[in-house]
Every structure is written in structure tokens, then in C-alpha cells.
Amino acid sequence: MQTLNELVNFLDNYLDIKNVKDASFNGLQVQGRKNIKKIMFAVTAGMETFKKAVDIQADMIVVHHGLFWKGVNPNLTSYNFDRVDFLIKNNISLYASHLPLDKHPEVGNNVQLLKLLGFNIDKPFAFYDGQNISFTGKADEPKTIQKIREILEEELGATCKVLPFGKKEIKTMAVCSGGGGYPQLTEAINADVDFYLTGDSTEFYHVVKDAKFNVICAGHHATETVGVKALADLIKDKFDIATEFMDIPTGL
Ligand SMILES: [Zn+2]
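Only a predicted model underlies this, so the values are computations on that prediction, with no experimental measurement involved. (Residues numbered from 1 in each chain as written. Predicted model: local features only at pLDDT ≥ 70, side-chain atom pairs only at ≥ 80, totals over all residues. Heavy atoms only, no water.)

A. Representation of the domain arrangement of the protein chain within the structure. If you check the domain split of the protein chain, you get domain 1 (2-97) and domain 2 (102-220). Between domain 1 and domain 2, the contact holds nine residues from the first and ten residues from the second. Inspection of the domain 1/domain 2 interface yields zero salt bridges. On inspection of domain 1 and its partner domain 2, the count reaches five residue pairs in polar contact (both at pLDDT 80 or more). Grouping the amino acids of the side of domain 1 that touches domain 2 by side-chain chemistry returns four nonpolar, three polar and two charged. (Domains from an automatic or database assignment. Contact = heavy atoms within 4.5 Å. Salt bridge = Lys/Arg side-chain N within 4 Å of Asp/Glu carboxyl O. Polar contact = N/O pair within 3.5 Å; in protein donor to acceptor, adjacent residues only side chain to side chain. Nonpolar A, V, L, I, M, F, W, Y, C, P; charged D, E, K, R; others polar.)

B. Spatial organisation of the layout of surface pockets. If you add up the space inside the largest pocket, you get close to 310 Å³. Lining the largest pocket are 18 residues, and of these Thr159, Ala218, Gly219, Gly251 and Leu252 sit closest to its centre. Here the residues of the lining of the largest pocket are counted per class, giving seven nonpolar, eight polar and three charged. (1 Å grid on protein atoms, 1.4 Å probe; cavity = no way out; pocket = protein on both sides within 12 Å on 5 of 7 lines; lining within 4 Å. Points joined across faces, edges and corners; volume = space filled by probe spheres on them.)

So, in C-alpha cells, the structure goes:
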């Protein structure tokens, strides 16, 4: 058992949430009971996620996509009210870590994706508001796009969309978990890597073809499961607490 305060302090510091610029209000978003025995980890906050937490008797939920975002109506009305009301009535805390969990050099979604595919961190990549939220990677042994696809589909349960117009032997890559659209695609092409991995499938077929480049879109949800899973493992090792990753695939 740990106190909520101790856990929140650890997560805030470890993920460096104060220094990461983000549209998400990262950190403890809803406060529940004081003592924590079990934490559920999931990609996205929502009623389905919250009900699962009650089912497994979790005291706290840690997510990548929380409830509160800049520019999104914050009023506690309609479904916003229902969500917060449900957490408060069940005394469950909600902690969110968006870009801090994309960019983290150990448990971050992007580093975990590089690791999964057998690439080592090379250079900072995916610049957002003056900070990099990802990295490019280098592999010791060249890989094929087909092999990379197989790993993603097997390990993440992902459904990949593949645009294989570049080099056949892949030794370098850039990655942007979740929604890495045109700005990051362009950055990847300019970074002169062999392959770009992202989540959302954007209509960039013709750009990829004309640039003679390789892209895999492995799904927004699937590419953002790896960070919360790695964070769950770390918390389990570090604290006397039960953790459980709850996969709630969205098909996106
Ligand atoms: Zn996302």
C-alpha cells in the first residue's frame, strides 16, 4: 500500500510533467481515496475504462488520454459530469500523462516502440512547441518492412496500414506514437531515415510514394499501449502495489 500523495509525487517527478508543454492537463485530474493498493493502467479515460477499474477494485487509474484538455469545454455538465461523478462516487483517482509519456526516454511510447522493433535511440525527433516528443532509431541488423509489420501485429494486436515505397533494407527509423500526421511525416523524410512509424492513418499515400519512403500506420490506440504498460511494470517493481493494464481497443 502507498499513499496517493507519494504516488502522485513520484509520477510527477519521474515523468517531469511540469516541464513538458502539452494541451493535456497532466497530473492528478480527479482525487480519490488516500491509500492505494491497486492501480489500473489504460490508454484513454472514459466510462468504459472507469467501470473496468471498479470491476477489478482499482483505487487509481493512470491514463495517457485524460479528461481535461486545453481548448475543450471543461464544464461539468452532460457526459463530463457523468464521468467525474462516477469517479468521485467510487472514490477513484485519475492521473493523466499525455506528451510526458510519449517523450519519456525510458517508459515513453516512442522509446518503447523503438525497443519493440529492435532499434536504439539515435536523435531527437517530432518537435512540438520547442521540445522533442520522440526519437529516431538505428538498428544493428537491417530489417524488412514485412518483418516490422509482423512484430507490430503480433505484439500490439495492431492492424497495420503499410505504404512500402522506400528502401527494402531498413536500418533507421523515426517514430511518432498516436497522431503523427504531415508535420512529423515531413520531418521523417527530411531526417533521411528509412522508415516512419505512426499511429493514425493519414491520407499521405501520394507524398510517401513520391518521396520513395516507407510508412506504417499501426493505429492510434495500439501505438499508445506500450507506454502505459511500461509505466505499470515500473510502478509494480518500485512500490508495494498491484498494477493491471486494461486494454480497451478502439479500432482506431
Ligand atoms: Zn494519443
